[in-house]
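# Summary of structural features
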Amino acid sequence: MDYAVRVSHYIDPVTFELSRDVILLIAGEHVAEVITGGEVSGGLAGLAKNTLDLGDALCMPGFVNSHCHLDLSHLWRQVPHGLKFHEWGPVIMAGRMLPPSMIAAGIEDAVRMLVSSGTTSVLDISVGADSLDALARHGLRSVLALESLGFDGTRAEAAMQRVDALIRDKFVLERERLGKDAGEAAAPATHEGIDYGFSPHATFSTSQQLYELNMGRAFGEGRICTTHAAETTEEEEFLLHGTGPYAPFIAQFGVDLSSFKGYGARSLELLLRDWLGPWLKPENPNLVLVHCNYAREADFAMISQHKPSICWCPRSHAFFGHDPWPWAQMVETGANVVLGTDSLASNTGLDMLGEIRQALVSGSVSPGSSGKKVPDPVTVTNLFKAATINGRKAMSILADAADLAIWALPGGAKSRDEALQSLLADNPPLLASFSRGRLIARSI
Ligand SMILES: [Zn+2]
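Residues numbered from 1 in each chain as written. Predicted model: local features only at pLDDT ≥ 70, side-chain atom pairs only at ≥ 80, totals over all residues.

### A look at the overall build of the chain
- Looking only at helices and strands, the chain features 16 helices and 16 strands.
- Over its C-alpha trace the chain gives a radius of gyration of 22 Å, about what one expects of a compact globule, namely 22 Å for 444 residues.
- Relative to its full complement of 444 residues, the chain shows a buried share of 48%.
- For the chain, long-range pairs separated by at least 24 residues make up 73% of all intrachain contacts whose partners lie at least 6 apart in sequence. (Helix = DSSP H or I, 4+ residues; strand = E, 2+ residues; numbered from the N terminus. Rg over C-alpha atoms; globule rule 2.2 N^0.38 Å. Buried ≥ 20, exposed ≤ 12 C-beta atoms within 10 Å, placed from the backbone. Contact = placed C-beta atoms within 7 Å.)

### Looking at the domain arrangement of the chain
- Here the chain is described as being made up of domain 1 (3–59 + 405–442) and domain 2 (63–397).
- Facing 16 residues of domain 1, the contacting portion of domain 2 comprises 21 residues.
- Those elements that place two or more of their residues in the side of domain 1 that touches domain 2 are helix H16 (416–426), strand S15 (430–435) and strand S16 (438–442).
- Residue classes in the side of domain 1 that touches domain 2 are distributed as 10 nonpolar, 3 polar and 3 charged. (Domains from an automatic or database assignment. Nonpolar A, V, L, I, M, F, W, Y, C, P; charged D, E, K, R; others polar.)

### Observations regarding the confidence of the model for the chain
- In the predicted model, the chain carries a mean pLDDT of 91, and 92% of its residues have values of at least 70.
- Segment residues 181–189 is flagged for pLDDT under 50; beyond a separation of four residues in sequence, or across chains, it makes 7 contacts in the model. (pLDDT = per-residue confidence, 0-100.)

### Concerning the nonpolar core
- If you look at the biggest cluster of nonpolar residues, it comprises 122 residues, and the most contacted ones within it are Cys59, Ile406 and Trp407.
- Each of domain 1 (3–59 + 405–442) and domain 2 (63–397) contributes no fewer than three residues to this core. (Core = buried A, V, L, I, M, F, W, Y, C linked by C-beta atoms within 7 Å.)

### Points about the environment of Arg96
- One can find Arg96 in the loop between helix H1 (85–95) and helix H2 (100–116).
- The partly exposed category is assigned to Arg96, around which 13 C-beta atoms lie within 10 Å.
- Remark: the alpha-carbon pair of Arg96 and Val127, spanning 31 residues in sequence, is separated by 9.9 Å.

### Quick word on the environment of Met302
- In this structure, Met302 sits in helix H10 (residues 297–306).
- With 31 residues separating them along the chain, Met302 and Thr333 place their C-alpha atoms 8.8 Å apart.
- With near-sequence residues (within four places) excluded, Met302 lies in contact with Leu268, Leu272 and Arg273.

### Observations concerning unusual backbone geometry
- For Ala129, which is not glycine, the phi dihedral falls at a positive 60°.
- Mapped onto the elements of the fold, Ala129 is located in the loop between strand S7 (119–126) and helix H3 (132–138).
- The buried category is assigned to Ala129, around which 21 C-beta atoms lie within 10 Å.
- Positive phi is not limited to glycine here, since Asn427 has a value of about 50°.
- For Asn427, the location among the structural elements is in the loop between H16 and S15.

### Remarks on the packing of helix H9 (residues 267–275) against H10
- Where H9 meets H10, the axes come as close as 10 Å, and the angle between the chain directions of the two elements is 35°. The way H9 lies across H10 gives a crossing that is left-handed. In this structure, H9 uses Leu268, Leu272 and Arg273 to contact H10, whose residues at the interface are Asp299, Met302 and His306.
- Of the residues in the contact of H9 with H10, the class split is 3 nonpolar, 1 polar and 2 charged. (Axes fitted to C-alpha atoms, helices over the stretch in contact; angles between N-to-C directions. Left-handed = near helix turned anticlockwise from the far one by under 90°.)

### Some points on H10
- Listing the buried residues of H10 in full gives Asp299, Ile303 and His306. One side of H10 holds all its buried residues, which, seen down the axis, span an arc of 75°. Projecting away from the buried face of H10 at angles above 90 degrees are the exposed residues Glu297 and Ala301. (Arc of directions from axis to C-beta.)

### Details of the environment of Ala247
- Relative to the helices and strands, Ala247 is located in helix H8 (residues 246–251).
- By the C-beta count within 10 Å, which is 20 here, Ala247 ends up buried.
- A sequence separation of 13 residues divides Ala247 from Glu234, and the C-alpha atoms of the two residues are 9.5 Å apart.
- Residues contacting Ala247, with those up to four places away along its chain left out, are Phe238, Gly242 and Leu257.

### Concerning the pairing of strand S6 (residues 63–68)
- In terms of burial, S6 is a largely internal element, 6 of the 6 residues being buried.
- Note that S6 and S7 share 4 bridges and pair parallel. Counterpart to Phe63 in the pairing with S7 is Thr119. (Pairing = 2+ DSSP bridges.)

Below you can see the structure in the form of structure tokens.
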């Protein structure tokens, strides 16, 4: 055994139920055994090579950030509030032109934010795989969804070739060259635990042809495919009729829209009804549709039919001043609802507790089904599930994966819901966290 960890409270990553007085035994990347009820009364020594006796503490599945853009982290606090998305976009495009050293420094800071706030896995939308080294150095389980875009379908092949070149350069060749036997000195360059996926940007910016190339690869190889959908009302107007502020926004990137009169369909109709049909199964947790802020009745029916993962980014949502997110309708569809932070260009932080707190004040999920003004335990629990075990499902993380975050719980807690409320209300310190069985944070 590599680790023996004793805590007073443990939330199971599959059932999400609470156990008391638990010793976890971790072997390699997995939780090998969970001993409950104080059956081992003696010391932990002898159970494993390394021991953590943490006393009054809550061990739970680590947070999964299901949507961020780490390569925009250098724009933290640089972008004014109150911009509409089509006004914000050009600011971000200009920000991407800043020096690579600045972008790398932003990513390093961002990954530290993730680790220090109990995040153990991340789905990062990445234009150039720039976050690879920092994520590997800090040991975070990650999928880099390689972003491609282009409105002109005749350029789809070229866009996909750029993604393929990136994969060859950053992933396959590194593994071939160094392999598992490369030794400690060369280990950081092996990027173990980091995989790639695909991310066609959004229906307003990306052609059907490029979506098809991405989806063919993602579904053919069993990888994540993630895309932005139904984020703004202006986007929907452009897709339906070719009009509104998105037309000049897109034309400024050299796209000829003179003959474009819209697709006559909204974003989720294009994706789930028209463009992605051949690949969709009854359940599609590896297809992560981000935002879906303006999903309509017909969309909920399609979401229910195909059950993708749907990602809400509560603080970025508030940054852009969108209508309340359709939490209740989305949960009702049976889709795998997950949470993300989006980028630091539209958020103040990357901590998932901050996203849950924002979700509870945003009007979408409060006062909850019981009608109470205080946070509804059912709602709080479902938000924690969205931020942990639902994210694991989207990223195909195994049930016994040792991806865990351990928080101080000074006053104890009588129930799971009380423990979760304490995390929200008391802001206790993160004592330790594991990603893939590796200790990636430890505060004591
Ligand atoms: Zn995004």
